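# Analysis of the macromolecular model
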Protein chains: 2
Amino acid sequence: MAEFDLIELIRARAMHSRGDVVLGIGDDAALLEVPAGQRLVACTDTLVAGVHFPEATAPQDIGWKSLAVNLSDLAAMGAQPAWAMLALALPLADVRFVEQFAEGFMELARQFEVALVGGDTTRGPLGITVTAMGFVPEGGALLRSGARAGDAVFVTGTLGDAAGALEMRESGIGNRGPETRAAAALPARLNRPEPRVAAGLALRGIAGACIDVSDGLLEDLGHLCCASGVGAEIDADALPLSPVLQEAFPAAQRRGFALAGGDDYELCFTASEADSARVARAFAALDCGATRIGRVVAQPGVRVFDANGKTLEPRRRGWQHFAT
Amino acid sequence: MAEFDLIELIRARAMHSRGDVVLGIGDDAALLEVPAGQRLVACTDTLVAGVHFPEATAPQDIGWKSLAVNLSDLAAMGAQPAWAMLALALPLADVRFVEQFAEGFMELARQFEVALVGGDTTRGPLGITVTAMGFVPEGGALLRSGARAGDAVFVTGTLGDAAGALEMRESGIGNRGPETRAAAALPARLNRPEPRVAAGLALRGIAGACIDVSDGLLEDLGHLCCASGVGAEIDADALPLSPVLQEAFPAAQRRGFALAGGDDYELCFTASEADSARVARAFAALDCGATRIGRVVAQPGVRVFDANGKTLEPRRRGWQHFAT
């Protein structure tokens, strides 16, 4: 099967159209129209088999996740997603894989009205690079650099579920007792993360700084603090954990997942104390919720405290991209 | 070495700035400003080690080529390049490789004033996905679909040099007689293709249709014809071949390279007979030249004729992405 037949398979499933796509898949490049007064927001993220997802992951889930991790980056900027491009490397021209991959990819794309406007398919070890593009009004983007000492630190949704799912998979638990519920619920958090696009949009004009939690809370909040020239203190007991994670894992382990597990794709953001009520109002209309987990301080670094004010030293601080 | 140190290595070399980059590398996504009245042109292409370049290729050349193949797609649209994003998968956090890769990438980026605005580095089999973005005025893009029966078919530069370089590498020739000159000249065509950006810009308003020749002339001209609902006839003896290719390879072999070799990154375009003089004037100011190689006809398909009007049947028609 030639590249062009695979592209056709994908194109046939990419029929979602938008008025701002002048020319989509099928020429040397896409032609796109950014609305007046809007800035283009663009990001790109790669998933590699065996590194970012287990080899046995369902193709539909790989498709979903490869777009989700990019929409999560757009969400962290407060951007409205619009377009995506897909570069897919495959060991073989596997029609079934491509069909199922496209099914998962497009399911999420439809949910956010994202048009697939271009890409590349090639032979190679299984890997997917997606480029996502969207818009923010001029001056409206959420940056990492806007946190100020005294701000509150929030996180959307719950943390640690994806890490819990990985642990269950690796340790083989999940077929007895409370783990049964976890086995049913947690893998979806790992395989089908929900990018917090609505939260990002709602936080325009409210959040001082924002980042998505992909490498683990401590790691990503650390980047936000670096970019803002501040530090942060986290209340370990305030970390939002899902009921199933709490049932399935002991306290220290689930806390470790929440602090450093990675793959959460929640938003971590800061807001001034004066804006706490606005944060609450913004999330009243959203499914995911937002939890206050700490505060921004002048001293650099991210520190974690328990209920007694004792500093905790997490064993891991985040996902190491080049760990062996 | 963590991902963030590698990103820092790349960022330190990506300091070329542009006024339209509101925010480059360092946040969840880039913030970019498309000029008023311009359309965004976006493409993405992947290079995989052992598939798109020999494993032993110099990192500088891999860096150059990974950007060049994308700028070539922008050139084929008549676009002015502006920004790029780089997704780099590496087996190891190899600082020397990243430095040299970035050196080659940035050398070409500087040449076209392309700002590197974002990306991703990750562990995985060596592979590079670049996304390139640029602009065309509203209505000014060169499309594949604008060829009409009766138009002339042109190609920029020379064809087949990259395929000649690959053949020399694979057959081990190149150390004697006329091949010596070829051995010195041809590998650069394979490893450091020059995207025909200036040609694409000069062809706005002149070319009816345009495509870049990446998979081989017959294959790519075939796509252009399909998109335009036409066919084409090529004069085999009119194909532009470099003097070194002519010295190093017999007639049938070099013709095969020119028709189906791939990796040329020249532009193939059509123009009406009435515009022939405009094509000549446009290329008078350019280094690469353009050669008339045939004509657009109503009958679908691409046919090749020799000087006696006899149809030639090429053994290969182009690069098969999933050939084994």
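Below, the structure is looked at part by part.

The rules behind each value
Residues numbered from 1 in each chain as written. Chains lettered and ligands numbered in written order. Predicted model: local features only at pLDDT ≥ 70, side-chain atom pairs only at ≥ 80, totals over all residues. Heavy atoms only, no water. Axes fitted to C-alpha atoms, helices over the stretch in contact; angles between N-to-C directions. Helix = DSSP H or I, 4+ residues; strand = E, 2+ residues; numbered from the N terminus. Parallel < 35°, antiparallel > 145°, perpendicular 65-115°, else oblique. Left-handed = near helix turned anticlockwise from the far one by under 90°. Contact = heavy atoms within 4.5 Å. Pairing = 2+ DSSP bridges. Buried area = accessible area lost by both parts, 1.4 Å probe. Salt bridge = Lys/Arg side-chain N within 4 Å of Asp/Glu carboxyl O. Polar contact = N/O pair within 3.5 Å; in protein donor to acceptor, adjacent residues only side chain to side chain. Nonpolar A, V, L, I, M, F, W, Y, C, P; charged D, E, K, R; others polar. Buried < 20%, exposed > 50% of the residue type's maximum accessible area, 1.4 Å probe, protein only.

Looking now at the packing of helix α2 (residues 59-76) of chain A against helix α3 (residues 95-111) of chain A. Residue and element names in this part refer to chain A. Direction vectors running N to C along α2 and α3 enclose 40 degrees, while the axes themselves pass 6 Å from each other. By the angle between their directions, the pair α2 and α3 is classed as oblique. Judged by the twist between their axes, the crossing of α2 over α3 is right-handed. Between α2, through P59, Q60, I62, G63, W64, S66, L67, A68 and L71, and α3, the contact on the second element is made entirely by F97, Q100, F101, E103, G104, F105, E107, L108, A109 and Q111.

One non-glycine residue, A:E113, lies in positive phi territory at about 55 degrees. Turning to its location among the elements, A:E113 is positioned in the loop between α3 and β5 (115-123). A positive phi is found at B:Y265, a non-glycine position, where the angle reads about 55 degrees. Counting through the fold element by element, B:Y265 comes out in the loop between α9 (251-260) and β10 (266-271).

What follows covers the sheet that holds β10(B). Residue and element names in this part refer to chain B. Read across the sheet, 7 strands follow the order β8-β10-β7-β11-β9-β12-β13 without closing on themselves; strand pairing throughout is mixed. Both edges of this open sheet fall to β8 (209-213) and β13 (311-312), since each of them pairs with a single strand only. The pairing of strand β9 (residues 231-235) with strand β11 (residues 290-297) spans 4 bridges and is antiparallel. Pairing of A232 across the sheet is with V296, part of β11. On top of the sheet, helix α7 (residues 217-228) reaches β7 (152-156), β8, β9, β10, β11 and β12 (301-305); it is set at about 155 degrees to β8, its chief contact. Packed onto the sheet, helix α10 (residues 276-284) meets β7, β10 and β11 and runs at close to 150 degrees relative to β10.

Moving on: the interface of chain A and chain B. If you look at the interface, chain A gives 63 residues, while chain B gives 63 residues. Summed over both sides, the interface between chain A and chain B buries roughly 5000 Å², with carbon and sulfur atoms accounting for 62% of that surface. One salt bridge connects A:E33 with B:R39, and the closest N-O pair in it is separated by 3.7 Å. At the junction of chain A with chain B, the criterion picks out 18 residue pairs in polar contact (both at pLDDT 80 or more). A per-element tally of the side of chain A that touches chain B places strand β3 (residues 38-48) of chain A first, with 9 residues. The residue makeup of the side of chain A that touches chain B, split by class, is 37 nonpolar, 13 polar and 13 charged. In the sheet, β3(A) pairs with strand β2 (residues 30-32) of chain B via 3 bridges, with the strands oriented antiparallel. Residue A:A42 lies in a different strand from β2(B), and its bridge partner there is B:A30.

To continue, consider the pattern of salt bridges. For the coordinates displayed, the defined rule picks out 38 salt bridges over all chains. The salt bridge partner of A:E138 is A:R39, with a shortest N-O separation of 3.2 Å. Remark: A:R39 occurs in strand β3 and A:E138 occurs in the loop between β6 (127-137) and β7 (152-156); sequence separation between them is 99 residues. The class for A:E138 is exposed, based on a relative accessible area of 54%. Residue class for A:R39 comes out buried when judged on its relative accessible area of 11%. The shortest N-O distance in the salt bridge between B:E273 and B:R292 comes to 2.6 Å. Residue B:E273 is located in the loop between β10 and α10, and its partner B:R292 is located in strand β11; the two are separated by 19 residues in the primary sequence. Take B:E273: its relative accessible area is 42%, and that puts it in the partly exposed class. One network of salt bridges, with partners in common, ties together A:D161, A:R189, A:R196 and A:E266.

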